[in-house]
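What the coordinates show
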Amino acid sequence: MKANELATPVYLVDEKKLEDNLKILSKVEKDTGCHILLAQKAFSMFKVYPLVAKYISGATASGLYEARLAHEEMHAENHVFCPAYTAEEMHELTQICDHMIFNSLRQLELHRSIWENSGVSVGIRINPEFSTQEGHEIYDPCSPGSRLGIRRCNLPDHLPKKVEGIHFHTLCEQGSEPLAATVKAVEENFGNYLHEAKWVNLGGGHHITKPDYNISLLEETIKHLRETYDVEVYVEPGEAIALNAGYLYTKVMDIVDNDIPVLILDTSAACHMPDVLEMPYRPPLRDSGLPGEKKYTVRLGSRTCLAGDIIGDFSFDKMPEIGDTLIFEDMAIYSMVKNNTFNGMPLPDIALMHENGDCEVIKHFGYSDFKERLS
């Protein structure tokens, strides 16, 4: 079927756009010798993991379940970082992961008896105490009181026994300039550890496939680290892999008149695109404008009971009508991985659009998916 024939709401991933992103990332790997890993926390559509593995080195996980998913579906490099692990998780993770990163020296030593002779390459996450965020403390792992990473003042003079890697992550939807600045700060304060390490992981948040991203500076930074410290370099983009490669199709169910026309959609910010409320941000909507920019300004809301379940105010050349389809763009990332069934809202289907325009429904969700999460 074609896109306009899909039942709504539905997440639709564009296979060609996904592959275009992967080709850019693959070139960075080839140009620099680095390893690029899919950060599954942003995009975990495992149907396309074989495609992803054709172009980049593997995946990184935020815990056991993501690590297991990559192990089962991608069959490539498998890395994991979590602020804390249970002993039960550790036993399985050491069997399925290549690299494991610890958030504290306490966790490192607590689980040493499990990982030390497992063959897994172990690293520690550092806190460079170098913030690159402006106005979004929720996404700043270097903010005061952060729970993420070990500060320089809490590290010994040398890397702990059998620790081979250094990991840091400071970016969120950013260019290579903040990365280069962070690397400089890390070199100044953690340079002795870089000389001892076998690998360094630059974390995620890199908008590598965004049109204005400075890829040359990224490649210079990676080459500098490899040549200066004789280390392997890992980069963990999530958004960059599926950036602008997905859509959320939704229909107008009703229109409520309350000073401004309020369109009731069959999708929800709270349930289907939580970052709209959490970030917050204004999702791109095809053929729309800012409020007042076009002839008709409307408010887009959901059919949940949450009064604040509002996607935003948008304007159109033609007034939308009940039954019309609206298309939100850049919906492959942080959507499927974060959605929920609050109010018993049905989850959107997941579909894949092939290069010829044909669409394949990969997953349909029903009542059982709602019920089985409950008791």
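Scroll up to find the structure.
Computed from a predicted structure; not experimentally measured.

The next thing to look at is the overall build of the protein. Broken down by element type, the protein carries 12 helices and 16 strands. For a compact globule of 375 residues, the expected C-alpha radius of gyration is about 21 Å, and the protein comes in at 22 Å, within 12% of that figure. Classification of the 375 residues of the protein by burial places 53% in the buried group. Of all intrachain contacts in the protein linking residues separated by at least 6 positions in sequence, the fraction that spans at least 24 positions is 68%. Of the accessible surface of the protein, which amounts to about 17100 Å², a share of 49% is contributed by carbon and sulfur atoms. Of note, the protein has its 35 positive side-chain charges centred 1 Å away from the centre of its 57 negative side-chain charges.

This part takes up a nonpolar patch on the surface. The grouping of Leu277, Leu306 and Phe342 at the surface amounts to a nonpolar patch, some 230 Å² of accessible area in total. Within the secondary structure layout, Phe342 lies in the loop between β14 (325-329) and β15 (349-353).

Counting 93 residues, the largest nonpolar core has Phe43, Ile166, Leu300 and Phe328 as its most contacted members. Among the elements that take part in this core, helix α7 (residues 176-196) stands out by supplying 6 residues, more than any other. Apart from the residues within four sequence positions on either side, Leu300 is in contact with Leu263, Leu265, Leu285, Ile310, Ile311, Gly312, Phe314, Leu326 and Phe328. Formed by 10 residues, the second largest nonpolar core is a distinct cluster that contains Leu12, Tyr249, Ala351 and Cys359.

At a minimum axis distance of 10 Å, the contact between α7 and helix α8 (residues 215-229) shows a crossing angle of 10°. One finds that α7 runs roughly parallel with respect to α8. Residues Ser176, Glu177, Leu179, Ala180, Val183, Glu187, Gly191, Leu194 and His195 of α7 form the contact with α8, whose participating residues are Leu217, Leu218, Thr221, His224, Leu225, Thr228 and Tyr229. Looking at the contact of α7 with α8 residue by residue, the class counts come to 8 nonpolar, 6 polar and 2 charged.

The next thing to look at is the pattern of salt bridges. Applying the stated criterion across every chain, the model contains 16 salt bridges. The residue Glu360 makes a salt bridge to Lys47 at a minimum N-O spacing of 3.9 Å. Highlighted residues: Glu360 in strand β16 (residues 359-363) and Lys47 in the loop between β2 (35-39) and α2 (49-55), separated in sequence by 313 residues. Since its relative accessible area comes to 43%, Lys47 is described here as partly exposed. When the shortest N-O distance is used, the salt bridge between Glu129 and Arg151 registers 3.9 Å. Placement of the pair is Glu129 in the loop between β6 (121-125) and β7 (163-167) and Arg151 in the loop between β6 and β7, with a sequence separation of 22 residues. What makes Arg151 partly exposed here is its relative accessible area of 36%.

Here we take up the sheet that holds strand β8 (residues 199-201). Spatial ordering of the closed barrel is given by β2-β3-β4-β5-β6-β7-β8-β9, a layout of 8 strands whose pairing is parallel. Between one strand and the next, the sheet's axes are offset by a mean angle of 25°, whatever the strand orientation. Note that strand β4 (residues 77-82) and strand β5 (residues 99-102) share 4 bridges and pair parallel. Bridge pairing in β5 places Val80 opposite Met100.

The next subject is the pairing of β2. For β2, the buried fraction is high: 5 of the 5 residues fall into the buried class. Every second residue of β2 is oriented toward a common face, with His35, Leu37 and Ala39 on one face and Ile36 and Leu38 on the other, all of them buried. The pairing of β2 with strand β9 (residues 232-235) spans 2 bridges and is parallel. In the sheet register, Ile36 faces β9, and the bridge partner there is Val235.

To continue, consider helix α1 (residues 15-32). With 18 residues, α1 extends 26 Å from end C-alpha to end C-alpha; this agrees with the ideal 26 Å at 1.5 Å per step. Those residues of α1 lying buried are Leu18, Glu19, Asn21, Leu22, Leu25, Ser26, Val28, Glu29 and Thr32. N-capping of α1 is provided by Asp14, with a side-chain oxygen placed 3.1 Å from the backbone N of Lys16. In the stretch just after α1, Gly33 is the one whose phi turns positive, near 80°.

Bringing the packing of aromatic side chains into the picture now. Within the structure shown, the criterion is met by 6 aromatic pairs. Pairing Phe190 with Tyr193 gives two aromatic rings, centres 6.3 Å apart and planes at 45°, and the pair type is tilted. Of this pair, Phe190 and Tyr193 both sit in helix α7, 3 residues apart, which is roughly one turn of that helix. An aromatic cluster of three or more residues is present, and its members are Tyr85, Phe102 and Trp115. Above the ring of Phe81, the side-chain terminus of Arg125 is found at 5.0 Å from the ring centroid. Over the aromatic face of Phe314 sits the side chain of Arg282, whose NZ or CZ is 4.0 Å from the ring centroid.

Cut-offs used in this document
- Each residue is numbered by its place in its chain's sequence as written, counting from 1.
- The predicted origin of the model limits local features to residues at a pLDDT of at least 70 and limits the giving and counting of side-chain atom pairs to 80 or more, whereas totals for whole chains, interfaces and linings rest on all residues.
- As a convention, hydrogens and water are excluded, and side-chain values are obtained from all of the structure's heavy atoms.
- Each helix corresponds to a stretch of at least 4 residues labelled H or I by DSSP, and each strand to a stretch of at least 2 residues labelled E; elements are numbered beginning at the N terminus.
- For a compact globule the rule gives 2.2 Å times the number of residues to the power 0.38, and the radius of gyration it is set against comes from C-alpha atoms.
- Under the scheme applied here, a residue whose accessible area is under 20% of the maximum for its type counts as buried, over 50% as exposed, and between as partly exposed, the area being computed with a 1.4 Å probe on protein chains only.
- A contact between two residues is defined here by any heavy atoms of the two lying within 4.5 Å.
- Per-residue and other accessible areas follow the Shrake-Rupley method at a 1.4 Å probe size, with only the shown protein chains counted as cover for residues.
- The charged-residue count follows a simple rule in which Lys and Arg add positive charge and Asp and Glu add negative charge, with His and chain termini not counted at all.
- Charge placement uses NZ in Lys and CZ in Arg. For Asp and Glu, CG and CD serve respectively.
- Two distance rules govern patches: like charges are joined within 9 Å, and nonpolar side chains (Val, Leu, Ile, Met, Phe, Trp, Tyr) within 5 Å, applied only to residues with over 30% relative accessible area and no salt bridge.
- Counted as salt bridges are all cases of a side-chain nitrogen of Lys or Arg within 4 Å of a carboxyl oxygen of Asp or Glu.
- As used in this record, nonpolar core signifies buried Ala, Val, Leu, Ile, Met, Phe, Trp, Tyr and Cys residues forming a set joined through side-chain atoms within 4.5 Å.
- Lines are fitted to the C-alpha atoms to define the axes, a helix being fitted only along its stretch in contact, and any angle between axes, read from their N-to-C directions, falls within 0 to 180 degrees.
- For classification purposes, an angle smaller than 35 degrees is called roughly parallel, one larger than 145 roughly antiparallel, one from 65 to 115 roughly perpendicular, and anything else oblique.
- Residue polarity follows a fixed list, in which Ala, Val, Leu, Ile, Met, Phe, Trp, Tyr, Cys and Pro are nonpolar, Asp, Glu, Lys and Arg are charged, and the others, Gly among them, are polar.
- Following DSSP output, two strands are said to pair if at least two bridges run between them.
- By this rule, a helix spans an expected 1.5 Å times one less than how many residues it contains.
- What qualifies as a polar contact is a pair of N or O atoms within 3.5 Å, subject to a donor-acceptor requirement within protein and to the restriction that residues adjacent in sequence count only when both atoms come from side chains.
- Here is the rule: rings of Phe, Tyr and Trp (six-membered ring for Trp) pair when centre to centre is within 6.5 Å. Planes less than 30 degrees apart are stacked, more than 60 are edge-to-face, and the remainder are tilted.
- Lysine and arginine charges are scored as sitting over a ring when NZ or CZ, respectively, is within 6 Å of the ring centre and within 35 degrees of the ring normal.

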